[in-house]
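Descriptive structure summary
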Amino acid sequence: MPNFIDRRLNPKDKSLGNRQRFLKRAREELKRFIKDRVKTDRIADVDAGHAVPMPARGASEPTFQPARGSGDRQYVLPGNRDYMPGDRIDKPPTGGGSGSAAGKGLAEDDFQFLLSREEVLELFFEDLELPDMVKLSLKESVAFKPRRAGFATSGSPTNINVGRTMRNSYGRRIALQRPGRKTLEALEQEIGRLEAELNPDISQRQHLEALRAQLDMLERRRRRIPYVDPVDIRFNRFERQPLPNANAVMFCLMDVSSSMGEREKDLAKRFFVLLHLFLKRRYDRIDIVFIRHTDEAGEVDEETFFYSTQSGGTVVSTALEEMLRIIQERYPAKEWNIYAAQASDGDNASRDSERCASILTQELMRLCQYYAYVEIIDERETEIFGSTDNGTSLWRAYRTVDGEWPNFQMTRIARPSDIYPVFRKLFARQPTLQYRR
Amino acid sequence: MGKNAGSKLLFHSSDWNFRTLGHAYDAIEAIALDELGLDVYPNQLEIISSEQMLDAYSSVGMPLMYQHWSFGKRFVYEEHAYRKGHHGLAYELVINSNPCITYLMEENTMAMQTLVTAHAAFGHNHFFKNNYLFKQWTDAGAILGYMDFSKKYIAKCEERHGTSAVEAILDSAHALMDQGVFRYRRPPRLSSKKEQERARERLEYEEQTYSDLWRTLPRATGRPDPAEAERDALERKKVLNLPEENLLYFLEKNSLVLEPWQRELLRIVRVIAQYFYPQRQTKVMNEGCATFVHYTIINRLFDQGKISEGTILEMLHSHSSVVFQPHFDDPRYSGINPYALGFAMMQDIERICNQPTSEDRDWFPDIAGSGQWRETLLDAWANHRDESFILQYLSPALIRKFRLFQLTDQADNKYCEVASIHNEQGYGEIRKALARSYDVAANQQDIQVFDVDLLGDRRLRLEHRMKNGIVLEEASRDETLRHIRHLWGYEVSLAGVDAESGRVRYECSTG
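Here the structure is a predicted model, which means the values were calculated and not measured.

What counts as what
Residues numbered from 1 in each chain as written. Chains lettered and ligands numbered in written order. Predicted model: local features only at pLDDT ≥ 70, side-chain atom pairs only at ≥ 80, totals over all residues. Helix = DSSP H or I, 4+ residues; strand = E, 2+ residues; numbered from the N terminus. Buried ≥ 20, exposed ≤ 12 C-beta atoms within 10 Å, placed from the backbone. Arc of directions from axis to C-beta. Contact = placed C-beta atoms within 7 Å. Nonpolar A, V, L, I, M, F, W, Y, C, P; charged D, E, K, R; others polar. Pairing = 2+ DSSP bridges. Axes fitted to C-alpha atoms, helices over the stretch in contact; angles between N-to-C directions. Parallel < 35°, antiparallel > 145°, perpendicular 65-115°, else oblique. Core = buried A, V, L, I, M, F, W, Y, C linked by C-beta atoms within 7 Å. pLDDT = per-residue confidence, 0-100. Expected span 1.5 Å × (residues − 1).

**Overview of the overall build of chain B**
Regarding its fold elements, chain B presents 22 helices and nine strands. In chain B, buried positions account for 42% of the 511 residues.

Next up, the structure:
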């Protein structure tokens, strides 16, 4: 009989560490691939699992390998049907002729593996953040968050730490020898039994007296030593830990006027989908306000913002005014980090662009941490608007804002593949920005 | 035995349990040891699940393995293929150790467990214990202990020096794994105490008799004497024991930049490479031996009435799919199946011993008709590797059966030429060519440390002895050279020299 061992209950994931190391190693490659994928796919698909081909570069294992198609070789193959010595067989056009020479490395790289949704998003939004998240000018009025810091002898009743308190009380009762309930009950029983005796003799009577005295003494002792004494009581102590002001709100402003064609709207929506995903993933406490405008602006919910169709003329300033109104109503700039992203095709009612610029410079930019303007343009226009100074009326007006405010960014998108790079550019981590002012 | 007291069957249902596994093992052992005359390490059979089998796959089949991302990559690959159903998992996995560890998959039916026990615990086990390559190069008793040491050692290094530092060394070492084995000579033994003592005394003597005056003597000026330069080089090579085929060994001993722990990592990779080297040279024989053993044993079990007809049919079904050899133009073809070739050759040896034809008598006068097939096979298993085994035992009958033919592929031609087929003129050629294709040492790229001038620019000069004009794939060659440079610390150059003519065909270097 040999030695049988049942290993099935042994831990399974022996390779887990190796797999994680591999993913870490392949990270760069995977990231590049996912970005490529996003350029071509629908952006909303980012938010899903992805099959990714085995990354070859970051995870290659080079060795000295014979080059295919060099030198003289001999193969021995099975299954000859009608070949005679001297017969010539044409080589297949690409690569080596026979399967026996096929490299193992090739086959191994040629497969896909699945990344989970989390892994995809993690790779996707790596190194991005909202700039200037902490309001530096408001350092003194920061919010506080209570943090546990040991125990205290005083405090409010809601903070009593029962466990601590009872432990102290128990220790004190032992130390002071407070008689327990059981001891008293036993004594009382004994007394009761003796009292029930019809003809007690002298010794029994004396014993009864003694017991009564003892009971009396114990009861007095018990009264004097309380079960829980104020000295026992402990409270949870909290320290007020200053919290950086991290309330943030993102205003998404989208032009849905009739000048925005299907293509433009699609591009703008894709941009906002990306922004939305990014914010939802990175910041658990962030408000997002969706505003869309034609010649009038209105706050809408997420669903309407992304999926509903509406059309009309264009007055961009209405959106800015709506934003201003909402800020005054709900998001006092003292407490909130305010961000905004605006997408438009740049067409605007005459003289409204100047008005937009003046709203921005005089009011909004004072309130906003960061304002990103994305202009959706025609692909043909990319050449015409090669230099940044040319452009639509809105673009030209915003150029003046751009010059004045460092936290104002503007950029153009002409095709779906621009979206992600532009997005990255707008939200790339900027370590210096925090110390700017 | 089971509910059916009258029957001699080892088991009745297809479910296994440890009792039936034990009965089957005993019955197999009796046949293997007494009838086939096998000689095996004590067996240890371990039941594992499919996940654990995947784990074992990705750590090159060792129960203990250090951590490295490349194993993760292999795991992801294997898992993907398994989940998609591209290929199933092996029924077993066997480790050349003492005791010999065999993994059995829990999903196997009892019939499969019996087959696998015969195949791995006796077939492979016997081969590991008796084949001269394994005997010479591997230490079955020590490998598990060594793997335990290496795993712990590398984990400790990661703790102390950081994962990435350890990974960098292992990456480079893995790139040289194929060049990290001694093919032709035994690894140099550690010098004995006496010799070390003598070296120390000599050094002391030199220190005592050192005179600074000698340094002030003017050096020979002008052109160095070519003869002298050559003598220097020769001297140098002799000291460093050059040329050296084992690059990992050379770097471990002579690298100018590695720390002791890094040298130890190289050593670990080198030891593992050396441990697996015999397996690569005996694929056909090892699998052939195991397949022949299980085939013989299940037939004997059936003859003894110990397994039912249904069971042996299940076993034969599995057996025949294992030894299936598709033809070269079949989409399933992926090289010659070592199971098929090995098994067929061993069956053929049995046939030649028992019922030789006149052709066999011409080709194998020493064994044809001897009736000593057991002894012949035991001898072959013990004393051959794939190359020599095929060269000696591949019979014309088998060449006809496999319909083998030989193709000549010259890089300059747009066609391959059929050099020989399975006819009278071709047998010898095909046998030689097939044997050569199993010569691992000849097929691997022969890259050796040729020279290094430690006092000069410290450039490490490698030489690639090209056979049949086969060059190296450039991208991976340059990357591998960079790995060597990383381990060596200074520039590395590689020269491709034609093995026949001795002419230099190409040169490249890292700097």
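**Digging into helix H17 (residues 373–383) of chain B**
Residue and element names in this part refer to chain B. Looking at H17, one finds that the buried residues are Thr376, Leu377, Ala380 and Trp381. The buried residues of H17 occupy an angular sector of 130 degrees when projected down its axis, which confines them to one face. Buried residues along H17 sit against helix H4 (110–130), helix H13 (283–303), helix H15 (338–354) and helix H18 (386–393).

**Some remarks on the interface of chain A and chain B**
Counting residues at the interface gives 53 residues for chain A, matched by 77 residues for chain B. Broken down by secondary-structure element, the contributors of at least two residues to the side of chain A that touches chain B are strand S1 (3–6), helix H1 (16–40), strand S3 (72–77) and strand S4 (88–90) of chain A. For the side of chain A that touches chain B, the residue count by class is 20 nonpolar, 17 polar and 16 charged. Looking at chain direction, S4(A) and strand S5 (residues 415–420) of chain B are connected through three bridges and run antiparallel. Bridge pairing in S5(B) places Arg88(A) opposite Glu417(B).

**Here we look at the packing of helix H6 (residues 143–161) of chain B against helix H7 (residues 163–175) of chain B**
A packed helix pair is summarised by two numbers, namely the angle formed by the two axes and the spacing between the axes. All names here are of chain B. It is the contact of H6 with H7, at a shortest axis distance of 6 Å, that shows an interaxial angle of 130 degrees. Of the possible angle classes, the one that applies to H6 and H7 is oblique. Residues Ile154, Cys157, Glu158 and His161 of H6 touch H7, and the partners they reach there are Thr163, Ala165 and Val166. The class makeup of the residues in the contact of H6 with H7 is four nonpolar, two polar and one charged.

**Quick notes on the nonpolar core**
Core analysis: the largest hydrophobic core is formed by 147 residues, its most contacted members being Ile28(B), Leu265(B) and Val269(B). With 11 residues, H4(B) is the single largest residue contributor to this core. Excluding residues that lie within four positions of it along the chain, Leu265(B) makes contacts with Ile154(B), Cys157(B), Val166(B), Ile169(B), Leu170(B) and Ala173(B). Residues Leu274(A), Ala319(A), Ala372(A) and Ile419(A) belong to the second largest nonpolar core, which totals 56 residues.

**Here's the deal with the pairing of strand S8 (residues 492–498) of chain B**
Across a regular strand the side chains alternate sides, sitting on one face of the sheet and then on the other. All names here are of chain B. Bridging between strand S7 (residues 460–466) and S8 involves seven bridges; their strand directions are parallel. Looking at S8, one finds that Leu462 is bridged to Leu494. Pairing analysis gives five bridges linking S8 to strand S9 (residues 504–509), with the strands arranged antiparallel. Within the sheet, the bridge partner assigned to Val497 lies in S9 and is Val504. The hairpin formed by S8 and S9 contains five residues between the paired strands, and Gly502 there has a positive phi angle of roughly 75 degrees.

**A closer look at the sheet that holds strand S13 (residues 408–413) of chain A**
The strands making up a sheet associate through backbone hydrogen bonding, with each pair oriented either parallel or antiparallel. Residue and element names in this part refer to chain A. A sheet is described by the order of its strands in space; here six strands give the open sequence S10-S9-S8-S11-S12-S13, paired in mixed fashion. Each having just a single partner strand, strand S10 (297–300) and S13 make up the two edges of the open sheet. Here the strands of the sheet are splayed against their neighbours by 20 degrees on average, with no regard to which way each runs. Of the pairings in the sheet, the one linking strand S11 (residues 337–344) to strand S12 (residues 368–376) comprises seven bridges and is parallel in character. The residue bridging Ser344 from the neighbouring strand is Glu375, located in S12. Running at roughly 120 degrees to S12, helix H10 (residues 352–367) makes contact with S11, S12 and S13 of the sheet. This element, helix H13 (residues 416–427), spans S12 and S13 of the sheet and lies at about 170 degrees to S13.

**Here's the deal with the sheet that holds strand S3 (residues 100–105) of chain B**
What the four strands build is an open sheet, ordered S1(A)-S1(B)-S3(B)-S2(B); its pairing is mixed. Each edge of the sheet is formed by a strand with only one pairing partner; in this case those strands are S1 of chain A together with strand S2 (92–95) of chain B. Adjacent strand axes in the sheet meet at a mean angle of 20 degrees when their direction is disregarded. Across six bridges, strand S1 (residues 43–48) of chain B lies against S3(B) in parallel orientation. Across the sheet, the residue bridging to Leu45(B) is Thr102(B), located in S3(B). Across the sheet, H4(B) lies against S1, S2 and S3 of chain B, angled at about 155 degrees from S3(B), the strand it touches most.

**Description of the confidence of the model for chain A**
As a general rule, the predicted coordinates of low-pLDDT regions are not to be interpreted in detail. Residue and element names in this part refer to chain A. Confidence in the prediction of chain A, expressed as mean pLDDT, is 77, and 77% of residues score 70 or more. Taking the mean pLDDT of every element in chain A, the minimum, 39, falls on helix H2 (residues 104–109) and the maximum, 93, on helix H4 (residues 162–175). Low pLDDT, under 50, characterises residues 136–141; the predicted model gives this stretch four contacts beyond four residues in sequence or across chains.

**Focus: helix H12 (residues 393–404) of chain A**
All names here are of chain A. Taking 1.5 Å per residue as the helical rise, H12 with its 12 residues ought to reach 16 Å, and the 18 Å between its terminal C-alpha atoms agrees with that figure. Taken together, the buried positions of H12 are occupied by Leu394, Trp395, Ala397, Tyr398 and Val401. Buried residues of H12, viewed axially, fall in a sector of 160 degrees; they line one side. Contact partners of the buried residues in H12: helix H9 (316–330), S11, H10, S12 and S13.

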